[in-house]
Structures are given as structure tokens and as C-alpha cells.
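Observations on the three-dimensional arrangement
Each chain, written out:
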Amino acid sequence: MNSILSYPERGPFGRADYRGNCSGYIVRDLIAQYTDQTKQVLVVDPMQGSGTSHDVCQFLNTQGHTIEYTGLDLNTGFNILKNEIRPKLTRPADLVFIHPPYHNMLRYSGTVWGSQRLPDDLSHCQSYPDFLSKLQLALQNAYRALRPGAYYCLLIGDLRKNGDYFHISSDIRQLAPGQLTDVIIKRQHNCVSDQTTYDKQKLIRIAHEYILTFRKLQNDNGAPLDATLTTSSRLQVLSNANWTSLTVTVLEKLGGRATLEQLCNAIERTESAGSRRPNWTTKMLACLNRHATLHDGFWIMKSN
């Protein structure tokens, strides 16, 4: 592999008619690059969509590899924003591949699958900052599922809407947990947008995606949580995208169990809160009601 990739064919993996899926050769090559295939490898795809990653792992097993695979998705009942990945696994993962929606470029629940729009579907976020906040939360979940020293790979593309360019890969790179090790540019093929032109606006059609690879620190010790808290100044520029992820991160840092006073004190020490935001406690409580339960004066993180 090198930092520029092109896969003209998607291969015999997953459902070809499932919109937004990727070439299985991407998953194959990421497994080869980031895992030790002389040993049993656990690969996880928490947004498996049409099952491309599943089919790749099955194929590799027919070629003499020993790959254990766990695939999860909102369309089969797994909510990456509310359900932990790690309890679904037999052990910490060796590689997590995650290919989320590119904000609202393509709506999934209620369109690609199912009859209803689901509120925790990342393709139905109310705003771009809301999308970044939820994607950050999803990546934190993936990070927690990894063994130390292992990698997660994020396949993500940028978005243009009404002439505005959303540099998703750059924005989420500032917010993602772990050590960034590689940035790969992937050429897009066979896209619906291939026929789109912007002659009147003098805009160039987006024909690439990114694969961002992050490594889990060997000595975790809460470092990624600290790093997440320090991103708050960047998030202010992104219209406070991180209130959900910040609240969840602080509660995790406090052991998943804390009083409201302890939470307020911890959050107040970050740059996201303070006198410039008189309503920040309201935002925090709204997040707590979604992701924690109140028992005997303590907010306790929901397990699923």
C-alpha cells in the first residue's frame, strides 16, 4: 500500500446494489497492512451496511488466514451511539474498520433500508456540528473496543452542498481519539455524482475519499480522554459540536459514575464551558439524560 489508492472494481463482496458501499479490496488491504495475519485476528466493522467486511473476512479464511469477524449495524439493531462495541466481542479487537455516512449526502434509514428515519442515524443529523459530535462519539466507541497498539481505520469523504464545501476528513481528524498514523487518499469510482458538473459555478467535482488510520496508545491511562477534552477550542469553531461527546468523555474519565457537582467541576475546567456559555449546564443535562441514569444522586453511564 501507499498513500494513494484506486480500486476500480468493488469485487465479489457485499451487496452491489447497496448504495454507498465500498470496494472489498480496501478492507482486504487494510487487514493485510495493519494486522499480523500469522496469528488469529479479530476484525470489527460496527457499520457494516451490506456486509462487505464480512465477505472479505470469509474469503481470507478460505485462503488460509484465521480471522474472527464481528459485524454490527444500526439496520440490525446495534446503535453505535448508545451501545458499547466491546461487550459484543470475545476479546479486544485487532482492527476496526468504520465507514460512516458522509453527513447527509445519502440518507440511510428510511431510504436505503427500513421504512422509518432513525434519530441516531448519522445520515439524519440535524446539522453538520451535530454530525461531527456523533461521529466523534462513534469513533470513541471504536477506540475503546481495540487492544492497545491496534488500529482503527476510518473511510470518509468530503461533502459539497449548495456550493458549500464541508471538509469532513479534516474536521474529524482533529476530534478523533488515538494517534494518527496514516492519511490515505482513495480515488472514487462508479459514483452517482460522476455525472454531476459544476460548470456555472466553476467548481471541481469531488472524486476522492480519505482513509484515516489511528493507533490505540500502548499505555492508555485516559490519554485519549484528555486529548478529547483539549479539542474543545477547536470544537467552538465548529459550533460546539462536542457537547455529547464531551459529557460522555468526562463521565467516563470519572469512572462512569459521578455526582452532578463532580461533573460540573470537571467540565467547568475545560474550555468548552464558562461564563461565555450561561446555558452549558442545560446542554450537559440533556446529554446525561440520553446516555446515563440517575441513581442515589449519581449519574451512571448506561451499559447499552
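Residues numbered from 1 in each chain as written. Predicted model: local features only at pLDDT ≥ 70, side-chain atom pairs only at ≥ 80, totals over all residues. Heavy atoms only, no water.

Section: the overall build of the protein chain
Within the protein chain one finds nine helices and 12 strands. Within the protein chain, contacts between residues at least 6 apart in sequence are counted, and of these 73% link residues at least 24 apart. Summed over its atoms, the accessible surface of the protein chain is roughly 14500 Å², and 47% of this surface lies on carbon and sulfur atoms. (Helix = DSSP H or I, 4+ residues; strand = E, 2+ residues; numbered from the N terminus. Contact = heavy atoms within 4.5 Å. Areas by Shrake-Rupley, 256 points an atom, 1.4 Å probe, with all protein chains shown as cover.)

What about the nonpolar core?
Among the nonpolar cores identified, the biggest contains 62 residues, and Ile31 and Ile85 are the most heavily contacted of them. For this core, the element with the highest residue contribution is helix α3 (residues 128-144), accounting for nine residues. Judged by nonpolar contacts, the second largest core, of 12 residues, contains Ala258, Cys264, Leu288 and Trp299. (Core = buried A, V, L, I, M, F, W, Y, C linked by side-chain atoms within 4.5 Å. Buried < 20%, exposed > 50% of the residue type's maximum accessible area, 1.4 Å probe, protein only.)

A word on helix α1 (residues 24-34)
Inspection of α1 places Gly24, Ile26, Val27, Asp29, Leu30, Ile31 and Tyr34 among the buried residues, and these make up the whole buried set. Between a side-chain oxygen at the N-terminus of α1 and the backbone nitrogen of Tyr25 the separation is 3.1 Å; the capping residue is Ser23. (Polar contact = N/O pair within 3.5 Å; in protein donor to acceptor, adjacent residues only side chain to side chain.)

Looking at the sheet that holds strand β10 (residues 257-258)
An order of β10-β12-β11 is seen for the three strands of this open sheet, with the pairing classed as antiparallel. Because the sheet does not close on itself, it has two edges, and the strands there are β10 and β11 (292-295). Pairing geometry for β10 and strand β12 (residues 298-301), over two bridges, is antiparallel. Paired with Arg257 across the two strands is Ile300, which belongs to β12. (Pairing = 2+ DSSP bridges.)

Looking at the packing of aromatic side chains
The full count for this structure, using the stated rule, is seven aromatic pairs. Judged by centre distance (6.4 Å) and plane angle (25°), the ring pair of Tyr128 and Phe131 falls under stacked. A residue pair is termed a helical-turn pair when its members lie 3 or 4 positions apart in one helix, as Tyr128 and Phe131 do in helix α3 at three residues. Like Tyr128, the residue Phe131 is buried in the burial classification. Seen from their ring centres, Tyr128 and Phe166 are 4.9 Å apart, and the 55° between their planes marks the pair as tilted. With Tyr128 in helix α3 and Phe166 in strand β7 (residues 164-166), this pair connects stretches of sequence that are 38 residues apart. We classify Phe166 as partly exposed; its relative accessible area is 22%. Three or more aromatic residues joined by ring pairs form one cluster here, namely Phe13, Tyr25 and Phe59. The side chain of Arg257 reaches across the aromatic face of Phe298, ending 3.7 Å from its centre. (Phe/Tyr/Trp six-rings, centres within 6.5 Å; stacked < 30°, edge-to-face > 60°. Lys NZ or Arg CZ within 6 Å of the ring centre and 35° of its normal.)

Some words on the confidence of the model for the protein chain
Taken over all residues, the pLDDT of the protein chain has a mean of 81, while the share at 70 or more is 83%. Under a pLDDT of 50 for its full length, residues 271-276 has, in the predicted model, 17 contacts with residues more than four places off or in other chains. (pLDDT = per-residue confidence, 0-100.)

Regarding unusual backbone geometry
In this structure, Asp296 takes a positive phi of about 55° despite not being glycine. Within the secondary structure, Asp296 is located in the loop between β11 and β12.

Re the pairing of strand β3 (residues 67-71)
Note that strand β2 (residues 41-45) and β3 share five bridges and pair parallel. The residue of β3 that forms the bridge with Asp45 is Gly71. Following the chain from β2 across helix α2 (residues 52-62) to the adjacent parallel β3, one finds a crossover that is right-handed. (Right-handed = clockwise from strand over helix to strand, strands pointing away.)

Some remarks on the packing of α1 against α2
Running from N to C, α1 and α2 point in directions that differ by 55°, and their axes come no closer than 9 Å. In terms of orientation, α1 lies oblique with respect to α2. The crossing of α1 and α2 is right-handed. In this structure, α1 uses Gly24, Val27, Arg28 and Ile31 to contact α2, whose residues at the interface are Thr52, Ser53, Val56, Cys57 and Leu60. Considered class by class, the residues forming the contact of α1 with α2 number five nonpolar, three polar and one charged. (Axes fitted to C-alpha atoms, helices over the stretch in contact; angles between N-to-C directions. Parallel < 35°, antiparallel > 145°, perpendicular 65-115°, else oblique. Left-handed = near helix turned anticlockwise from the far one by under 90°. Nonpolar A, V, L, I, M, F, W, Y, C, P; charged D, E, K, R; others polar.)

What to know about α3
An ideal rise of 1.5 Å per residue puts 24 Å on 17 residues; α3 measures up with 25 Å between its terminal C-alpha atoms. Among the 17 residues that make up α3, 15 are buried, leaving the element largely enclosed by the rest of the structure. (Expected span 1.5 Å × (residues − 1).)

Points about the sheet that holds β3
Two pairing modes exist for strands in a sheet, parallel and antiparallel, and in both the strands are linked by backbone hydrogen bonds. Pairing is mixed in the open sheet, where seven strands are placed in the order β1-β8-β9-β5-β4-β2-β3. What marks the edges here is a single partner per strand, and that holds for β1 (4-6) and β3. Averaged over all neighbouring strand pairs, the angle between strand axes comes to 20°, with direction disregarded. Two elements, strand β8 (residues 179-187) and strand β9 (residues 208-215), share eight bridges in a ladder whose sense is antiparallel. Its bridge partner being in β9, Ile184 is matched across the sheet by Ile211. Its contacts with the sheet put α2 on β2, β3 and β4 (93-98), and the angle it makes with β3 is roughly 165°. Against the sheet, α3 touches β4, β5 (146-157) and β9, its axis set at about 150° to β5.

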